Amino acid sequence: MHRLLDRAHRALFAALSLLGLRGQGRVLHWYFDWWHRRPDPWGLAVDDYEQFKYATTLRQLPHRPYRRILDVGCSEGAFTHRLAAAFPQAEITGVDISERALARARASAAGRASGSGRAPVSGRAAPAPGGGRTPGPARPPRFVRLNILAAPPEDRFDLVFCAELLYYLGRHRHLRRACAHLTRAVAPGGLLVLVHPWPESRRFCAYFEAVAGFRCLVEQVEPDSFRPFAVSIYEAPGAAAARPGELRTPGPAAEQGRGE
């Protein structure tokens, strides 16, 4: 059933992308604000499947220090707060198109900082990712409004997450634009982590594999979960290599997703 619903969902957002970048941006802003008329509309903070996906994602990360981390499409910050707990010394930023979601994320961050917020859901947590240190008190994340189609993040980060987002963008040129904005956010030698349904994730990954210098370090597929997904990790080139965002011609998997 979920595959049928996913197909209808993709068809709807492919049609919305015909409105152009500004029109699509306005609709997405309204759509996600409408969904967030009630707290945590997708159960991201409590759903067992989501907790398993978060833990699986964290387990794939190479053990290295991450000073600056970005969570793109953070919603109300369920995963962002989990990142803050796993990387307590990092500066963590969550971005989303919905101001309503961001308001709740900021309120949650303030509550946690004062000791009144809920503790992060443990799920199947990764053992001290990012260098083996035991997680301590987390620095509160900051939350900023961003439409990834309109502009890239202002800063660059050692670790960038993009989960369950790209299928909202529709047409080929919009996905290509989002890819360019995401890769520009990755610092030289940094990592970009994509988490999307499998095997649909392969179509999205093709855009990033077409970026000069980016290479895939990990692709972990969970085919037996309620909704199969893949965690794909890409490393940006170093400072002397090709500039992030410089695209080669996308491969066949990306071309098959063209809606133009």
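Residues numbered from 1 in each chain as written. Predicted model: local features only at pLDDT ≥ 70, side-chain atom pairs only at ≥ 80, totals over all residues. Heavy atoms only, no water.

**Student:** It is not clear to me how the packing of aromatic side chains should be interpreted in this structure. Could you clarify?
**Tutor:** Centre-to-centre distance and the angle between the planes together describe a pair of aromatic rings. The tally for this structure, following the rule as stated, stands at 18 aromatic pairs. An angle of 85° between the planes, with centres 5.0 Å apart, marks the rings of Tyr31 and Phe32 as edge-to-face. Both rings, one in Trp34 and one in Trp35, keep their centres 5.6 Å apart while their planes meet at 80°; by these two values the pair is edge-to-face. On the basis of relative accessibility, which here comes to 38%, the residue Trp34 falls in the partly exposed class. Members of the aromatic cluster, joined through ring pairs, are Phe13, Trp30, Tyr31, Phe32, Trp34, Trp35, Trp42, Tyr167 and Tyr168. The ring of Trp34 is capped by Arg37, whose NZ or CZ atom sits 3.8 Å from the centre of that ring. Taking NZ or CZ as reference, Arg68 lies 5.0 Å from the ring centre of Phe157, over its face. (Phe/Tyr/Trp six-rings, centres within 6.5 Å; stacked < 30°, edge-to-face > 60°. Buried < 20%, exposed > 50% of the residue type's maximum accessible area, 1.4 Å probe, protein only. Lys NZ or Arg CZ within 6 Å of the ring centre and 35° of its normal.)

**Student:** Just checking my understanding: could you explain the sheet that holds strand β4 (residues 157-163) for this structure?
**Tutor:** In a beta sheet, neighbouring strands pair by backbone hydrogen bonds and run either parallel or antiparallel. Read across the sheet, 7 strands follow the order β3-β2-β1-β4-β5-β7-β6 without closing on themselves; strand pairing throughout is mixed. With one partner strand each, in any of the chains shown, β3 (142-145) and β6 (215-222) form the two edges of the open sheet. Between one strand and the next, the sheet's axes are offset by a mean angle of 15°, whatever the strand orientation. Of the pairings in the sheet, the one linking strand β2 (residues 91-96) to β3 comprises 4 bridges and is parallel in character. Across the sheet, Gly94 pairs through a bridge with Phe143, a residue of β3. Contacts between helix α7 (residues 201-209) and the sheet are confined to β5 (186-197), β6 and β7 (229-235), with β5 contributing the most and set at about 165° to the helix. (Pairing = 2+ DSSP bridges. Helix = DSSP H or I, 4+ residues; strand = E, 2+ residues; numbered from the N terminus. Axes fitted to C-alpha atoms, helices over the stretch in contact; angles between N-to-C directions. Contact = heavy atoms within 4.5 Å.)

**Student:** Explanation requested: the packing of helix α2 (residues 20-35) against helix α6 (residues 172-184) in the structure shown.
**Tutor:** Geometry of a packed helix pair, given as the angle between the helix axes and the separation of the axes. Put simply, α2 and α6 touch, their axes get as near as 11 Å, and they point 80° apart. Judged by the angle between their axes, α2 and α6 are roughly perpendicular. Residue-level inspection shows Gly20, Leu21 and Gln24 of α2 in contact with α6, the latter providing Arg173, His174 and Arg177. (Parallel < 35°, antiparallel > 145°, perpendicular 65-115°, else oblique.)

**Student:** Whenever I open this one, the layout of surface pockets confuses me. Can you help?
**Tutor:** Using a probe with the size of a water molecule, rolled over the atoms, empty space left in the structure can be pinpointed. Estimates place the volume of the largest pocket at around 1,100 Å³. For the largest pocket, the lining is made up of 46 residues, of which Trp42, Leu44, Glu164, Tyr167 and Tyr168 are closest to its centre. When residues in the lining of the largest pocket are grouped by element, the largest group, 8 residues, is from helix α1 (residues 2-16). (1 Å grid on protein atoms, 1.4 Å probe; cavity = no way out; pocket = protein on both sides within 12 Å on 5 of 7 lines; lining within 4 Å. Points joined across faces, edges and corners; volume = space filled by probe spheres on them.)

**Student:** When you look at the packing of α6 against α7 in this model, what are you seeing that I'm missing?
**Tutor:** Their axes nearest at 9 Å, the elements α6 and α7 cross at an angle of 55°. Of the possible angle classes, the one that applies to α6 and α7 is oblique. Crossing hand, α6 versus α7: right-handed. For the pair formed by α6 and α7, the contact residues are His172, Leu175, Arg176, Cys179, Leu182 and Thr183 on the first element and Arg203, Phe204, Tyr207 and Phe208 on the second. The residue makeup of the contact of α6 with α7, split by class, is 6 nonpolar, 2 polar and 2 charged. (Left-handed = near helix turned anticlockwise from the far one by under 90°. Nonpolar A, V, L, I, M, F, W, Y, C, P; charged D, E, K, R; others polar.)

**Student:** What is the right way to look at the confidence of the model for the chain in this model?
**Tutor:** Regions with low pLDDT carry predicted coordinates that are not meant to be interpreted in detail. Here the chain shows a mean pLDDT of 86. Residues at 70 or above account for 82%. Counted against residues more than four places away or in other chains, residues 117-128, with its pLDDT under 50, gives 29 contacts. Below a pLDDT of 50 lies the segment residues 240-260, which in the model reaches 46 contacts outside its immediate sequence neighbourhood of four places, other chains included. (pLDDT = per-residue confidence, 0-100.)

**Student:** Quick question: what am I supposed to make of unusual backbone geometry here?
**Tutor:** With glycine set apart, most residues show a phi of negative sign, and most peptide bonds adopt trans. Omega for the bond connecting Trp198 with Pro199 falls within 30 degrees of zero, at 5°, which places this linkage in the cis form. Along the polypeptide, Pro199 turns up in the loop between β5 and α7. Not every positive phi belongs to a glycine, and Asp40 is a case in point at roughly 40°. We note that Glu164 has phi near 50°; this positive angle belongs to a residue other than glycine. Mapped onto the elements, Glu164 comes out in the loop between β4 and α6.

**Student:** Mind showing me how you'd approach helix α4 (residues 78-86) here?
**Tutor:** Two residues of an α-helix separated by three or four positions point the same way, owing to the 3.6 residues in each turn. Where burial is concerned, most of α4 is hidden: 7 out of the 9 residues are buried. Turning to α4, its buried residues are Phe79, Thr80, His81, Arg82, Leu83, Ala84 and Ala86. Buried residues in α4 make contact with α3 (48-59), β1 (68-72), β2, α5 (99-113), β3 and β4.

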